[in-house]
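# Results of the structural survey
These are the residues of each chain, in order.
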Amino acid sequence: MKTTLKLFSLIFILFAFVACSDDDEGPVEFSVTAISPESGTVGTEITITGTDFPSDAAEVNLTFGGVSATITSISSTQIVTTVPAGATSGEVRIAANGFTSTTPTTFTVLSDLVQARASNIPAPTTGGGQGAPDEGPFTKFSFATGAVTDSDTEWDIAFRATTIAINGGVATGTNDEPERNGNGGVALVRDVLFSEVTTANGLTYTQDADGAFAINPVSDQGWYNYNGALFLVSPIPGTVLVFRTHDGKYAKIEILSYYRDAPEEPNAFVDEARLYTFNYIYNPNEGETSLE
Amino acid sequence: MSLNKNNCLIIFSLFLWVALSAQKKREKDSILTENLGEVVVTATRTVRQLSSLPLPVTLIPQKQITNSGVTRLNEILSEQTGIVVTPDITTGGGEGVQIQGIASDYIMVLIDGVPVVGRSSGNLDLSRLAIGNIQQVEVVKGPSSALFGSEALGGVINIITERPKTEKISGQITHRAASFNNQNTTVSVNQRKGKLGYSLFIDRLSTDGFDLADGDEGQTVNPFFNYTFNGRMYYDLSDKLQLFASGRYFLQDFDIPSGTSEERDGNAQLRIDHKLSDKSQFEYEFYYTNYVTNEQTVDPIENEILLDNDFDQQLFRPEVRFNHSFTPNSTLTMGGGYNFESLDRSLFADQVTFDSQYVFAQYDFRPIKKLNIIVGARFDNHSVYNSQLSPKISARYNITEHLAVKGSVGSGFKAPDFRQLFLDFTNAAGGNYSVFGKEVEVQGIERLIANDEIITDSEGNQILPVPLSELGEPLNAESSVGYNLGVGYDKGKFRGDINFFRNDFTDLIDTRILATKRNGANVFGYINRESVYTQGMEVDLRYKILDQLTLSAGYQLLYAFDKDVEEELAENGAFARDPETLETIRISEDDYFGLENRSRHIINAKLFYEIPKWGANANLRVIYRSRFGLTDRNGNSFLDEFDNSFIEGFTLINLSFGKTFFKHYQVQVGANNLLDFTGTNPFSAPENQIAVNPGIQIFGRLNFHF
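Analysis parameters
Residues numbered from 1 in each chain as written. Chains lettered and ligands numbered in written order. Predicted model: local features only at pLDDT ≥ 70, side-chain atom pairs only at ≥ 80, totals over all residues. Helix = DSSP H or I, 4+ residues; strand = E, 2+ residues; numbered from the N terminus. Buried ≥ 20, exposed ≤ 12 C-beta atoms within 10 Å, placed from the backbone. Contact = placed C-beta atoms within 7 Å. Rg over C-alpha atoms; globule rule 2.2 N^0.38 Å. Pairing = 2+ DSSP bridges. Domains from an automatic or database assignment. Axes fitted to C-alpha atoms, helices over the stretch in contact; angles between N-to-C directions. Core = buried A, V, L, I, M, F, W, Y, C linked by C-beta atoms within 7 Å. Nonpolar A, V, L, I, M, F, W, Y, C, P; charged D, E, K, R; others polar. Arc of directions from axis to C-beta. pLDDT = per-residue confidence, 0-100.

### Considering the overall build of chain A
- Scanning chain A for helices and strands turns up 1 helix and 21 strands.
- Per-residue burial over chain A gives 36% buried out of 292 residues.
- Within chain A, contacts between residues separated by at least 24 positions form 56% of all contacts whose residues are at least 6 apart in sequence.

### What to know about the overall build of chain B
- In terms of helices and strands, chain B carries 7 helices and 37 strands.
- Relative to a compact globule of 706 residues, whose C-alpha radius of gyration would be 27 Å, chain B shows 26 Å and is just as compact.
- Residues classed as buried in chain B amount to 41% of the 706 residues present.
- Expressed as a percentage of contacts within chain B between residues at least 6 apart in sequence, the contacts between residues at least 24 apart total 60%.

### Thoughts on the pairing of strand β11 (residues 182–193) of chain B
Residues and elements named next belong to chain B.
- Examined bridge by bridge, strand β10 (residues 170–178) and β11 share 9 bridges and lie antiparallel to one another. From the neighbouring strand, A178 faces β11, where its bridge partner is N182.
- Pairing of β11 with strand β12 (residues 196–207), which is carried by 11 bridges, proceeds in the antiparallel orientation. Paired with N184 across the bridge in β12 is L205.
- With antiparallel pairing between neighbouring strands as the criterion, β11 and β12 make up a hairpin whose turn holds 2 residues, including G194 at a positive phi of roughly 55°.

### Notes on the domain arrangement of chain A
- Domains assigned within chain A are domain 1 (25–110) and domain 2 (114–283).
- Spacing between the C-alpha centres of domain 1 of chain A and domain 2 of chain A amounts to 43 Å.

### Looking at the sheet that holds strand β14 (residues 157–160) of chain A
All names here are of chain A.
- Strand order in this open sheet of 4 strands is β13-β12-β14-β15, and the pairing throughout is antiparallel. Either end of the sheet is taken by a strand with one partner, and the two such strands are β13 (147–149) and β15 (163–166). For this sheet, the mean angle separating the axes of adjacent strands, direction not counted, is 35°.
- As paired elements, β14 and β15 share 4 bridges and run antiparallel to each other. Each residue of the ladder has a partner; that of F159, found in β15, is I164.

### Re the sheet that holds strand β9 (residues 155–161) of chain B
Residue and element names in this part refer to chain B.
- Strand order in the open sheet formed by 5 strands is β3-β8-β9-β6-β7, with mixed pairing between adjacent strands. Sheet topology places β3 (57–61) and β7 (114–115) at the edges, where each strand pairs with a single neighbour.
- In the sheet, strand β6 (residues 107–111) pairs with β9 via 5 bridges, with the strands oriented parallel. Across the sheet, residue L110 finds its bridge partner in β9, namely N158.

### What about the nonpolar core?
- Within the largest apolar cluster, 70 residues are counted, with the highest numbers of intra-cluster contacts made by I76(B), I107(B) and I131(B).
- Residues contacting I76(B), with those up to four places away along its chain left out, are I60(B), I65(B), S68(B), V70(B), I131(B) and V137(B).
- With 43 residues, the next largest nonpolar core counts W155(A), I215(A), Y282(A) and L582(B) among its residues.

### A few points about the interface of chain A and chain B
- Counting residues at the interface gives 36 residues for chain A, matched by 36 residues for chain B.
- Residue classes in the side of chain A that touches chain B are distributed as 15 nonpolar, 14 polar and 7 charged.

### Section: the environment of T145(A)
All names here are of chain A.
- By the element assignment, T145 lies in the loop between β12 (139–142) and β13.
- T145 sits in the partly exposed class, given 13 other C-beta atoms within 10 Å.
- When the C-alpha positions of T145 and S290 are compared, they lie 19 Å apart, and in sequence the two are 145 residues distant.

### Structural notes on helix α6 (residues 441–450) of chain B
Residues and elements named next belong to chain B.
- Among the residues making up α6, those that are buried are E441, G444, I445 and L448. The arc that holds the buried residues of α6, viewed along the axis, is 90°, so those residues lie on one side.
- Contact partners of the buried residues in α6: β23 (424–426), β24 (434–436), β26 (494–516) and β27 (522–546).
- Phi for D452, located one or two positions after α6, is positive at around 60°.

### Here's the deal with the confidence of the model for chain B
All names here are of chain B.
- Averaged over chain B, the pLDDT score is 88; the fraction of residues at 70 or greater is 93%.
- Note that pLDDT drops below 50 for residues 24–36; the model gives that stretch 28 contacts with residues more than four away or on any other chain.
- Low pLDDT, under 50, characterises residues 90–94; the stretch is placed with 10 contacts to residues that sit more than four places away or in other chains.
- Here the predicted complex scores 0.86 on pTM and 0.78 on ipTM.

### Here's the deal with unusual backbone geometry
- Here the amide bond leading from S36(A) into P37(A) is cis, since omega sits at -10°, within 30 degrees of zero.
- Along the chain, P37(A) falls in the loop between β1 (31–36) and β2 (39–41).
- A positive phi angle, near 65°, is found at F180(B), a position not held by glycine.
- Turning to its location among the elements, F180(B) is positioned in the loop between β10 and β11.
- Positive phi, close to 65°, is recorded for N597(B), a residue that is not glycine.
- On the basis of neighbour count, N597(B) is assigned to the buried category, with 22 C-beta atoms found within 10 Å.

### Here's the deal with the environment of H175(B)
Residues and elements named next belong to chain B.
- On the secondary structure map, H175 appears in strand β10.
- Residues H175 and N703 lie 528 residues apart in sequence; the distance between their C-alpha atoms is 6.5 Å.
- H175 has contacts with T185 and L702, leaving out every residue within four places of it along the chain.

Right under this line is the structure:
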């Protein structure tokens, strides 16, 4: 009996030891409860929450569509990382201690915002100028390609002299204007810096209508001011045009100049006019309104 | 620039030193006549001693004009404190006068109390007015509509012609030759014999003009010649009845490369002074003036008329005035008149006419010995725009014999002009846009609708930014209230005045878009909109260093802003463009520079010196104008520090010497703009510099008087 008790105690102690060693060293499965945000461009900071994450980032392999991401901080309940270059949309996979888990929702890797300057976009007119009837085709521009386009459908905005048409709404009735077949719109934001317009959300978009361009083509009412003493067209400072493109994406532009090579001090008698230069930021992701 | 300033100082000191060291004997007769002799008529429409007036008045005596060797009104005005003659450098040509920061459109110019008409875009060309036969120029600053009606918001400039004084025929022949082949000949004859007096004056000026931009074709100011004829007659019908008749005719012809540009200006004035008693007098006045311009631009190759712009303005005005002096120190002045105006202009559909009637009254009195109060008001009734009541009160309190406080509050107005009321213009040559005056805008828009020229929506309704029902509301007169408060000190050799002013303008007339045509061209109309103010301070000092040496100096500090712009900036912030990246930047509200063409500081200093022993005189006049801007250039619609459209401050030095030979002959030589300042127009392209001023102008003048 005594031997049995001893043996039992021994087994118990041994078991207890084993149990202890299991707690300290043995693999424990972690769990993932959420990923936030659920979409973002490369470089966006992503927070993954859960339980029982290892304390050492080196023990964790985190991948976005198979591409390994660097962990910037880790605790037992939270991993902070950034979307790695080359990441593709889909599962975010976390591997540690021989266990592997995915986030409960998939992650969408967004295309980078396009930040660029369009220079010397020609906007000729064959009309008489000085308010005479403008004639001739508009120059169409696509934010998706960042270039002038001949396409009758894949265009977003179009220029002719000081008039800017958008691919949304209906024809205004002027000569030679392009057919509207998209769902574009425009919101004119005043008294802001370009960088201060961070989202296309919450703005009211208007479309070209019968008899009226959404962007009023008149001096001081739309994007420019005409100085009658100097015969100069100057974009109004603090004016940002936010566009919904023909296919429902968003872009903002700041027009910088109406003259060739955007001279610092344009001279109406020297510098060639009807050449737009503008800065723009285009968000190529469907339904995304961020503009920064 | 610093070199320029140093030069000024050196020249000025040198002049002073020479004058002082040359001085030995003292005799009476100075350039600026003694204070007591200085009387003006413009401030009250009665003869008043300048030094006792409660209003800011500048008097330019004949002697100052002759000794300065200038021949045109604009030249002498530009040397006075608080008066700026702005060069119209963006377009070349006409110059505008500015008083207390108020533009030429709002300043009335009179010859012997009757108005000069004929303005081009609101600007009256003062170089049109020869000043070879005048006794003095009086400038009343601040609103004076209480006496003079429309246009007298900023002030009144009155040219008082010389009256014949001697029984013997007197007169003079003068020829002045200056740079740019500027040739000015003047002949005048005066006589006063018994009851009859007469005065004849002929002036001829011709010049080759000048060019501010070397590189381009044509000239900034084309060659021109002009003639001024003026005849006046004074006749005493009886002790109580005096007759004055005057006729003036001006003709100017510009030699433009292709086409013609001529200007004619005629006035006829008849006045009868009817003395009822020593205390009461009537004045009956009839005035007619006609201003005509013909402009024709011809295509030199096709010989086709490109532009034909004729302008024919007439004014006929009978006026009656009555003065009654209750005591030597209290005078009642009343008057009334009728203006018949008409304008026939190529850009108008028909000849247009205005009728207006007015009455005014003024009481000038001293309730106590040291206090002088002038109260007055004028009522103008007009056939087209709303009636105007213009009151004014001014007071002067003599603290001591030498020190006085002066203050005045008055209102001014400017009737909408013919253009703002009746213009019916479609620019067929340049873009097909249309402009309608207020009185014709309803018909104009209806005509365009009937012709189906206005854009329509899909239902076929015309798109009208201003609904038809809101068109044709009468325009208000542009109006202002002006405040002046100052202190004057006058003792012995020193006289000093300091005056603070503020002018609030409302209902300034602006253009707006009424509709857009199918061809994209706009239709413009007029509306009362802008409100601006000018405020500041002016200081005028005169010191008789010696009997024959007088130093005078003046300074004006000016703030002139558009209230609407200030409000807009306070509410929404101010934006401009970075000159390099062209991206929008936020700027401070303080970067708003104010109204165009206004200098913060204007300084003048004048030294007049006489050496009676030699029959000689010399003078030096220095004018400084601080930096001013021409127009917005970066699209934010206001002039700011980020606009490259400023003309840096500059100094003009004018100098002249005169000497009399053989009693009847006087020779004068001098230079205007001695430092040869030319400046740079900010709009000039780097390869084609455009100047602001044509540079030094040397002149010689020979005068024979008998």
